[in-house]
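Examination of the molecular architecture
The residues making up each chain are set out below.
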Amino acid sequence: MFSKEESRILRQDFWTSFGKSFPRKWILYDTKLKGLSFKFHFDNKTALIALDLEDDLENRINYWEKLLALKSILLDDYLPEAIYEEEYFLDNEKEISRIYLPLEQKVSIHNKNSWRDVMEFFNENMSLFEAFFEEYKEVIEG
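Quick look at the structure, then. Everything numeric here is computed off the predicted structure, so don't read it as measured data. (Residues numbered from 1 in each chain as written. Predicted model: local features only at pLDDT ≥ 70, side-chain atom pairs only at ≥ 80, totals over all residues. Heavy atoms only, no water.)

Quick look at the overall build of the chain
The helix and strand inventory of the chain stands at four helices and four strands. The C-alpha extent of the chain, read off along each of the three principal axes, is 45 × 30 × 25 Å. By residue count, 44% of the 142 residues in the chain fall in the buried class. Contacts spanning at least 24 positions in sequence make up 62% of the contacts within the chain whose residues lie at least 6 apart. Considering the chain, the positive charge centre built from 19 side chains and the negative charge centre built from 29 side chains are found 7 Å apart. (Helix = DSSP H or I, 4+ residues; strand = E, 2+ residues; numbered from the N terminus. Buried < 20%, exposed > 50% of the residue type's maximum accessible area, 1.4 Å probe, protein only. Contact = heavy atoms within 4.5 Å. Lys, Arg positive; Asp, Glu negative; His and termini not counted. Charge placed at Lys NZ, Arg CZ, Asp CG, Glu CD.)

Points about helix α2 (residues 57-69)
The end-to-end C-alpha separation of α2 is 18 Å, in line with the 18 Å expected for 13 residues at 1.5 Å each. Turning to α2, its buried residues are R60, Y63, W64, K66 and L67. The arc that holds every buried residue of α2, seen down its axis, measures 165°, which confines them to one face. In α2, the exposed residues that point more than 90 degrees away from the buried face are L57, E58, E65 and A69. The elements touched by buried residues of α2 are β1 (36-42), β2 (47-53), α3 (71-78), β3 (83-89), β4 (95-102) and α4 (115-141). Its side-chain oxygen 3.2 Å from the backbone nitrogen of E58, D56 forms the N-cap of α2. (Expected span 1.5 Å × (residues − 1). Arc of directions from axis to C-beta. Polar contact = N/O pair within 3.5 Å; in protein donor to acceptor, adjacent residues only side chain to side chain.)

Focus: the pairing of β3
When β3 meets β4, the two strands line up antiparallel, connected through five bridges. Within β4, the position partnered with Y84 by the bridge is I99. With antiparallel pairing between neighbouring strands as the criterion, β3 and β4 make up a hairpin whose turn holds five residues, including E93 at a positive phi of roughly 70°. (Pairing = 2+ DSSP bridges.)

Let's talk about the sheet that holds β2
Sheet strands pair by backbone hydrogen bonding; their relative direction is either parallel or antiparallel. Spatial ordering of the open sheet is given by β1-β2-β4-β3, a layout of four strands whose pairing is antiparallel. In this open sheet, the two edge strands, each paired with only one partner strand, are β1 and β3. Averaged over all pairs of adjacent strands, the angle between their axes in this sheet comes to 30°, without regard to strand direction. Each of β1, β2, β3 and β4 touches α2; the most contacted strand, β4, lies at about 30° to it. (Axes fitted to C-alpha atoms, helices over the stretch in contact; angles between N-to-C directions.)

So this is what it looks like as structure tokens:
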């Protein structure tokens, strides 16, 4: 078991190491579309990449419908295992819409032996996700 401080340091070390191993500017929150952002998630059980829709319901529905229309392109050409969830609940019980891709292996941010696999997963798959977004941003923006 790790103390909160040890856990914080490990998390910080992971993200610093990831940034040094794969130095590039990710889109993340800088999508220029209100309420739409990319996320990396890595905790003591899972790792995933996500495109989250967190704005007001009307805006969420608008973006969601456009992303649904592009679903076959995303799955066929970019991320075949991506999961679409119109009603996704975060740990804080906030409801969002999310398209995500989990890493299908047991990993933990507290286990440095799993870091390389997660970093490679993040880099490869978020790059594809961002390429899809850049290609179809005008359609999503509508």
